[in-house]
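Each chain, written out:
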Amino acid sequence: MGKFRGWHIVAGIAAMLLAGIFGTAMGLNITATYLASGVAFVAVSLWVDSRISRRRSAVRHPGPDAGQDAKLALDADSSKHEG
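It should be emphasised that the depicted structure is a prediction, and the values quoted were computed from it without experimental measurement.

Asks: Please explain the overall build of the protein as it appears in this structure.
Replies: For the protein, the helix and strand inventory stands at 3 helices and 0 strands. If you list the helices and strands of the protein from N to C, you get α-α-α. Expressed as a percentage of its 83 residues, the buried residues of the protein come to 13%. The contacts in the protein between residues at least 6 apart in sequence include a share of 57% that link residues at least 24 apart. With an accessible surface of roughly 7,000 Å², the protein has 66% of that area assigned to carbon and sulfur atoms.

In structure tokens, the structure reads:
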């Protein structure tokens, strides 16, 4: 079984449910609540997808300083790195 890649959809559905609850509590009619829920779904799912892809690309293609930091983090003897 592979890794789950639908976190942006799950976050969008959660935002949609929350927007529906808030819309109903504010007294919006069904059409307005449905429209607000759809907008919340799209906005949150795109935002989460963007954050996930940024994190994945940062892991795949680390910056020029990341190699040195990784070596320092993996080094068990940190006394030779102090001042």
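Asks: How do you make sense of the packing of aromatic side chains when you look at a structure like this?
Replies: The description of an aromatic ring pair rests on the distance of the ring centres and on the angle between the ring planes. Under the defined criterion, the tally for this structure stands at 1 aromatic pair. A ring pair is formed by Phe4 and Trp7, whose centres lie 5.0 Å apart and whose planes are at 85°; its orientation type is edge-to-face.

Asks: So what exactly am I meant to see when it comes to the side chain of Ser45 here?
Replies: Following the sequence through the fold, Ser45 ends up in helix H2 (residues 30–60). Residue Ser45 is classed as buried on the basis of its relative accessible area of 8%. Side-chain polar atoms of Ser45 contact the backbone oxygen of Val42, separated by 3.2 Å. Each residue touching Ser45, except ones within four places of it in the same chain, is listed here: His8 and Gly12.

Asks: Just to check I follow, could you spell out the confidence of the model for the protein for this structure?
Replies: For any part of a model where pLDDT is low, the fine detail of the predicted coordinates should not be relied upon. With 72% of its residues at a pLDDT of 70 or more, the protein shows a mean pLDDT of 82. The secondary-structure element of the protein with the lowest mean pLDDT is helix H3 (residues 66–74), recorded at 53, while helix H1 (residues 7–25) shows the highest, at 96.

Asks: Looking at this structure, how should I read H1?
Replies: Counting along an α-helix, one turn takes 3.6 residues, and residues three or four places apart therefore face a common direction. Compared with an ideal rise of 1.5 Å per residue, which puts 19 residues at 27 Å, H1 spans 27 Å between its outermost C-alpha atoms and is within 8% of the ideal. Listed as buried for H1 are Gly12, Ala15, Ala19, Gly20 and Gly23. Considered in projection along H1, the buried side chains sweep an arc of 140° and stay on one side of the axis. Turned more than 90 degrees from where H1 packs its buried face, Trp7, Leu17, Ile21, Thr24 and Ala25 sit exposed. The inward-facing, buried residues of H1 abut H2.

Conventions used here
Residues numbered from 1 in each chain as written. Predicted model: local features only at pLDDT ≥ 70, side-chain atom pairs only at ≥ 80, totals over all residues. Heavy atoms only, no water. Helix = DSSP H or I, 4+ residues; strand = E, 2+ residues; numbered from the N terminus. Buried < 20%, exposed > 50% of the residue type's maximum accessible area, 1.4 Å probe, protein only. Contact = heavy atoms within 4.5 Å. Areas by Shrake-Rupley, 256 points an atom, 1.4 Å probe, with all protein chains shown as cover. Phe/Tyr/Trp six-rings, centres within 6.5 Å; stacked < 30°, edge-to-face > 60°. Polar contact = N/O pair within 3.5 Å; in protein donor to acceptor, adjacent residues only side chain to side chain. pLDDT = per-residue confidence, 0-100. Expected span 1.5 Å × (residues − 1). Arc of directions from axis to C-beta.

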